[in-house]
Amino acid sequence: MRTQHSGSPAAVDHSRDLRWRSSLFACFVVFGLSLATWVTRTPAIRDSVEASTAQMGLLLLGLSIGSMVGVLSSGPIVARVGCRPVAVAGCASITLGMAVLTVGSGLGASVGIFLGLMLFGLGMGLTEIALNIEGAAVEKALGRSVLPAMHGCFSLGTVIGAVGGILATSQDVPPQWHLLTVTVIGVVLFVWALPGLPARTGLRAAVAAQAIDGSATPATARPPAGMLQVLRRPTVITLAVLLLGMALAEGAANDWLPLIMVDGHGLDATVGSLVFTGFAVAMTVGRFTGSWFIDRYGRGPVLQVGVITAGVGIALVVFSPSPVLAGVAVLLWGLGASLGFPVVVSAAGDHPTDSAAQVSAVATAGYIAFLVGPPLLGLLGEHYGLRNAMLAVLALVVAAAVVTPRAMRTPVHDDGDAPTAYPATTPNPTQEVS
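Starting from 1, residues in each chain are numbered consecutively following that chain's sequence as written. Given that this is a predicted model, residues contribute local features only at a pLDDT of at least 70 and side-chain atom pairs are listed and counted only at 80 or more, while totals for whole chains, interfaces and linings are drawn from all residues. Think of the side-chain values as coming from all heavy atoms in the structure, minus any hydrogens and water.

Asks: Go over helix H10 (residues 234-264) with me, naming the residues and quoting the values.
Replies: Spanning 31 residues, H10 covers only 39 Å between terminal C-alpha atoms, well under the ideal 45 Å at 1.5 Å per step. Throughout, the bend at a residue refers to the angle made by two axes, fitted to the seven residues ending there and to the seven starting there. The numbering of helices and of strands both runs from the N terminus, where a helix is a DSSP run of H or I of at least 4 residues and a strand a run of E of at least 2. At tryptophan 256, H10 shows its maximal kink, close to 65°; a proline, proline 258, follows between one and four residues later. Just beyond H10, the residue with positive phi is glycine 266, at close to 75°. Expected helix span is given by 1.5 Å per residue-to-residue step, counting one fewer step than there are residues.

Asks: Describe the nonpolar core, naming the residues involved and giving the relevant values.
Replies: Counting 110 residues, the largest nonpolar core has Phe31, Leu242, Trp333, Met390 and Val393 as its most contacted members. Whether two residues are in contact is decided by their heavy atoms: any pair within 4.5 Å suffices. When residues no more than four places from it in sequence are discounted, the contact partners of tryptophan 333 are Ala249, Ala253, Leu257, Phe279, Ala310, Gly313, Ile314, Val317 and Met390. Remark: nonpolar core denotes a set of buried residues (Ala, Val, Leu, Ile, Met, Phe, Trp, Tyr, Cys) joined through side-chain atoms within 4.5 Å. Burial classes follow relative accessibility: with a 1.4 Å probe on protein chains only, a residue under 20% of its type's maximum area counts as buried, one over 50% as exposed, and anything between as partly exposed.

Asks: Break down the confidence of the model for the chain for me, citing the residues and quoting the values.
Replies: pLDDT is a per-residue confidence score from the predictor, ranging from 0 to 100. Residues with a pLDDT of 70 or more make up 83% of the chain, whose mean pLDDT is 80. When the elements of the chain are averaged for pLDDT, helix H8 (residues 205-213) gives the smallest value, 41, and helix H7 (residues 175-193) the largest, 94. Contacts for the low-pLDDT stretch residues 205-222, under 50 throughout, to residues beyond four places or in other chains number 17 contacts. Confidence over residues 410-434 falls short of pLDDT 50; this stretch has 72 contacts with residues more than four positions distant or in other chains.

Asks: So what about a nonpolar patch on the surface? Which residues, and what values?
Replies: Candidate patch residues must exceed 30% relative accessible area and have no salt bridge, after which like charges are joined if within 9 Å and Val, Leu, Ile, Met, Phe, Trp or Tyr side chains if within 5 Å. Surface exposure here means Shrake-Rupley accessible area, sampled with a 1.4 Å probe, where a residue is shielded only by the protein chains that are shown. Every case where a carboxyl oxygen of Asp or Glu lies within 4 Å of a side-chain nitrogen of Lys or Arg is listed as a salt bridge. Judged by side-chain polarity, Leu58, Leu61, Ile65 and Val69 come together as a nonpolar surface patch covering roughly 350 Å² of accessible area. You can see leucine 58 is positioned in helix H3 (residues 53-81). Taking relative accessible area as the criterion, leucine 58 reaches 58% and is therefore assigned exposed.

Asks: An account of the packing of H10 against helix H14 (residues 340-348) is requested, with residue identities and associated values reported.
Replies: In this description, a line fitted to the C-alpha atoms serves as the axis of each element, helices being fitted only across the stretch in contact, and the angle between N-to-C directions of two axes falls anywhere from 0 to 180 degrees. Remark: H10 packs on H14, axes separated minimally by 9 Å, with the N-to-C direction vectors making an angle of 165°. Relative to H14, H10 is oriented roughly antiparallel. As for how H10 packs across H14, the hand of that crossing is left-handed. Contacts between H10 and H14 involve Leu239, Leu242, Leu243, Met246 and Ala247 from the first element and Gly340, Phe341, Val344, Ala347 and Ala348 from the second. Side-chain classes are defined by residue name, with Ala, Val, Leu, Ile, Met, Phe, Trp, Tyr, Cys and Pro counting as nonpolar, Asp, Glu, Lys and Arg as charged, and the others, Gly among them, as polar. Its residues placed into classes, the contact of H10 with H14 shows nine nonpolar, one polar and no charged. Small angles under 35 degrees read as roughly parallel and large ones over 145 as roughly antiparallel, with 65 to 115 read as roughly perpendicular and the rest as oblique. In this scheme the handedness of a crossing depends on how the near helix is turned from the far one: anticlockwise by less than a right angle means left-handed, clockwise means right-handed.

Asks: Talk me through the packing of aromatic side chains; I want residue IDs and the actual numbers.
Replies: Only Phe, Tyr and Trp rings are paired, with Trp represented by its six-membered ring, and only when their centres lie within 6.5 Å; those with planes under 30 degrees apart are stacked, over 60 edge-to-face, the remainder tilted. If you walk through the whole model with that rule in mind, you get six aromatic pairs. Ring geometry for phenylalanine 28 against phenylalanine 31: centres 5.3 Å apart, planes inclined by 55°, an arrangement best described as tilted. Here phenylalanine 28 and its partner phenylalanine 31 are both found in helix H1 (residues 9-40), three residues apart, which amounts to about one turn of the helix. As far as the burial class goes, phenylalanine 28 and phenylalanine 31 line up, both buried. A centroid spacing of 4.9 Å and a plane angle of 90° characterise the contact between tryptophan 292 and phenylalanine 293, whose relative ring orientation is edge-to-face. Of the aromatic side chains, those joined through ring pairs into one cluster are Phe28, Phe31 and Phe190.

And the structure:
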């Protein structure tokens, strides 16, 4: 066990782990702040480049392209060089993207907006996967839940960014100055946070051994599996299905909830925005309080309650004839969906040797749901209405509820290894990391 004597190796390790956690929290605040700043200033930026709705759709394609490239390439790169270099590159890309957005907005240049969004999306895709791997590792180091609060910091960043955007819009602050301010804040936090990340998190064992002493892994040692290898494991597939439903529930609300309340329930645009703000606040509260419930009751029971709560909220939004009841149900939707991503990623990190590969595989499935799902829901909404389109989300959430008990139960490894280091439905024991 670790002692708390000042200056002892255990105390130094604990201090380092707390710095590690704080670094992750700071990065996720910047991610949420930057994204919400862009979203809230979209109307002003659209006007600055005189873009039509169809042209804005093409500009937003830059964000999707960058994000997909970042998400799909992050895992393999992390396996070769570790999380910190990928996080540094991703944060640099986010900063550069925000800077290009600033210039493009100021000059009214559509090309600048497209390139800025592509760089921003690339950075988000790279860092999200890398830092989720870091989050799973720091949970083991500290012996308690970290990922819910880490994602809570993202939600907190979006709330701060949304409030800042509303204030900037009300005061007619030009979007380029607003974007520049957020860019500077992001640079300051990144410069403080990134040195706090360990050097070799996420490296496959053979690469890590060579990086340390130049030697190769012994022939008798089994090298860790890669992301494509672990995707064939039933356990990982089950976790990916679970996360697919929960990520789509979150992403659908982020992209479509204001329009659902306006077009589907007849509210005005201001009230629709307030309802969405309620969803974001519920997500934030759920993630910051979730760690206490997980450490007390275990991941499985807490996630099961969350999935059911999200399903009830979505069902009420779809079927309720009362706009007031639908607005209240949005809070259930947000609270229930809040823990889906962090808890499933934490469970994927349980493997004693393939933790990084499993986290990468499962998180990639989740981010693909974020990126691909909402546009497909838009196509359904065009033909059947947005409220009815949410039935597809509800169906996946029901599927997630069905697989949750199996996904959260500790299995014998699909590759024939020993059981996981600790049960997926109980708090993690403290583990030392090098």
